[in-house]
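Architecture and fold: a report
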Amino acid sequence: MNFSSKLLEDAVSEFSKLPGVGQKTALRLVLHLLNKEQEEVNQFGNTLIKLKQQIKNCSVCNNISDYTVCEICTSHKRDKETICVVEDTRDVMAIENTSQYFGVYHVLGGLISPMDGIGPADLFIDGLVSRVGTGDIKEVILALSPNMEGDTTIFYLYKRLKEFNVPITTIARGIAFGGELEYTDEITLGRSIITRVPYENAMMK
């Protein structure tokens, strides 16, 4: 792609680094911003800078938050005895959109993937073990994407948590193997949460 401006080329290059954004889409976005008023562009840039500088991870569940402890963990309306373990914030948002789950979450920050060099030590697993180890938890739901990495992570978590004698369940397999939780429709995901099964039963299938 030939550019008439080095500044334009650099901006397109930065936008094209975003997931799912090719050069043509990046160019369209950059040209769109160029047609905006200076104040709007400043606000756009400052919003991203503020996001990066001020965003936090909840000290309890590791979810992205504006506060040290997120609003879900501090809410008196949530069932603090049930923890739903997910890969990342996108999965929290997907489950919240179903309006079928009323417990709290634990965000791992990824999945175990030896091929990608991601091991248990790279994830927020020790925090989960500590939460379950308090004795206040009555159920742990492992709501991870039904793929090889998700199943590997579930099996590892099960081995780490089974000593606490807390019921460990997984979401029902209404979600096809190889699918991603965040792309599952709300009705299917909601039903999968409601009809969750003990992990031991899932292992036997």
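Per chain, residues are indexed from 1 in the order of the written sequence. Only residues with pLDDT of 70 or above have their local features reported here, since the model is predicted, and side-chain atom pairs are shown and tallied only from 80 upward, although totals for entire chains, interfaces and linings are computed over all residues. Only hydrogens and water are removed before side-chain values are computed, so all heavy atoms of the structure are retained for them.

The chain has the name Recombination protein RecR in an unreviewed UniProt entry, where Pedobacter paludis is given as its organism. According to its UniProt record, the chain has this under Function (unreviewed entry): "May play a role in DNA repair. It seems to be involved in an RecBC-independent recombinational process of DNA repair. It may act with RecF and RecO." Taken from UniProt, the Sequence similarities (unreviewed entry) comment for the chain reads in full: "Belongs to the RecR family." UniProt positions are given in the numbering used here, feature names are shortened, and annotations may be inferred rather than shown by experiment.

**Side note on the pairing of strand 5 (residues 139-142)**
Because side chains alternate across strand 5, one face comprises the buried residues E139 and I141, and the other comprises V140 and L142, equally buried. Here, a strand pair is defined by DSSP locating no fewer than two bridges between the strands. Only DSSP runs of H or I reaching four residues or more are called helices, and only runs of E reaching two or more are called strands; each is numbered from the N terminus. With four bridges connecting them, strand 3 (residues 79-86) and strand 5 associate as parallel partners. Within strand 5, the residue paired with T82 across the bridge is E139. Here strand 5 runs beside strand 6 (residues 168-170); their pairing, made up of three bridges, is parallel. Within strand 6, the residue paired with L142 across the bridge is T170. In this fold, strand 5 hands off to helix 7 (residues 148-161), which returns the chain to strand 6; that crossover is right-handed. Note on exposure labels: buried denotes an accessible area under 20% of the residue type's maximum, exposed denotes more than 50%, and partly exposed covers the range between, all computed with a 1.4 Å probe on protein chains only. When the strands point away from the viewer and the connection leading from the first strand across the helix to the second strand turns clockwise, the crossover is called right-handed.

**Here we look at the UniProt feature "zinc finger region: C4-type" (unreviewed entry) in the chain**
Summarizing the sequence annotation, UniProt attributes the feature "zinc finger region: C4-type" (unreviewed entry) to residues 58-73 in the numbering used throughout. Secondary structure content for residues 58-73 is 19% helix and 12% strand, while the C-alpha to C-alpha distance between its ends is 8 Å.

**What to know about the state of the cysteines**
We call a pair of cysteine sulfur atoms a disulfide whenever their separation is within 2.5 Å. Applying the stated rule across the entire model yields zero disulfides. This cysteine, C70, is not joined by any disulfide, and C73 carries the nearest cysteine sulfur, 3.6 Å off.

**Side note on a nonpolar patch on the surface**
Patches were defined on residues exceeding 30% relative accessible area and lacking a salt bridge, with like-charge contacts within 9 Å and nonpolar side-chain contacts (Val, Leu, Ile, Met, Phe, Trp, Tyr) within 5 Å. Computed with the Shrake-Rupley method and a 1.4 Å probe, the accessible areas treat only the protein chains shown as cover for residues. Throughout this description, the term salt bridge denotes a Lys or Arg side-chain nitrogen within 4 Å of a carboxyl oxygen of Asp or Glu. A contiguous nonpolar patch, built from F44, L48, L51, I55 and I64 and spanning about 440 Å² of accessible area, is present on the exposed surface. Of all the elements, helix 3 (residues 38-54) adds the most residues to the nonpolar patch, at three residues. If you trace the backbone, F44 turns up in helix 3.

**Some points on the packing of aromatic side chains**
Note on ring pairs: Phe, Tyr and Trp rings are taken, using the six-membered ring of Trp, and paired if centres are within 6.5 Å. Classes follow the plane angle, with under 30 degrees stacked, over 60 edge-to-face and the rest tilted. Counted under the stated rule, the structure contains one aromatic pair. Taken together, a centroid distance of 5.2 Å and an interplanar angle of 65° make the contact between Y101 and Y105 edge-to-face. By relative accessible area, Y101 is classed as buried at 6%. Since its relative accessible area comes to 2%, Y105 is described here as buried.

**Looking at the packing of helix 6 (residues 125-133) against helix 7**
Where helices are involved, their axes are fitted lines through C-alpha atoms of the stretch in contact, as for all axes, and angles between N-to-C directions lie from 0 to 180°. At their nearest, the axes of helix 6 and helix 7 sit 10 Å apart, and the two run at 40° to each other. Between helix 6 and helix 7, the crossing angle belongs to the class labelled oblique. Crossing of helix 6 over helix 7 shows right-handed handedness. Here helix 6 contributes I125, D126, L128, V129 and V132 to the contact with helix 7, which in turn contributes Y156, L157, R160 and L161. Ten residues, namely Ala, Val, Leu, Ile, Met, Phe, Trp, Tyr, Cys and Pro, are considered nonpolar, four, namely Asp, Glu, Lys and Arg, are considered charged, and the remaining ones, Gly among them, are considered polar. Of the residues contributing to the contact of helix 6 with helix 7, the split by class is seven nonpolar, no polar and two charged. Angle categories are assigned with fixed cut-offs, so that under 35 degrees is roughly parallel, over 145 is roughly antiparallel, 65 to 115 is roughly perpendicular, and the rest are oblique. Crossing handedness is read from the near helix: turned anticlockwise from the far helix by less than a right angle, it gives a left-handed crossing, and turned clockwise, a right-handed one. Every residue pair with non-hydrogen atoms within 4.5 Å of one another is taken to be in contact.

**Brief notes about the pattern of salt bridges**
Here the structure, examined in full by the defined rule, presents five salt bridges. Between K17 and E14 there is a salt bridge whose closest N-O contact spans 3.0 Å. With relative accessibility at 48%, the residue E14 sits in the partly exposed group. Linking R160 and D126 is a salt bridge whose minimum nitrogen-to-oxygen distance equals 3.3 Å. With R160 in helix 7 and D126 in helix 6, this pair connects stretches of sequence that are 34 residues apart. Assessed through its relative accessible area of 53%, D126 is described here as exposed.

**Describing the side chain of E139**
The residue E139 is located in strand 5 in this model. Residue classification places E139 among the buried residues on the basis of a relative accessible area of 14%. Sequence-distant contacts of E139, that is, excluding residues within four places in its chain, are made with E81, T82, I83, V166, P167, T169 and R196.

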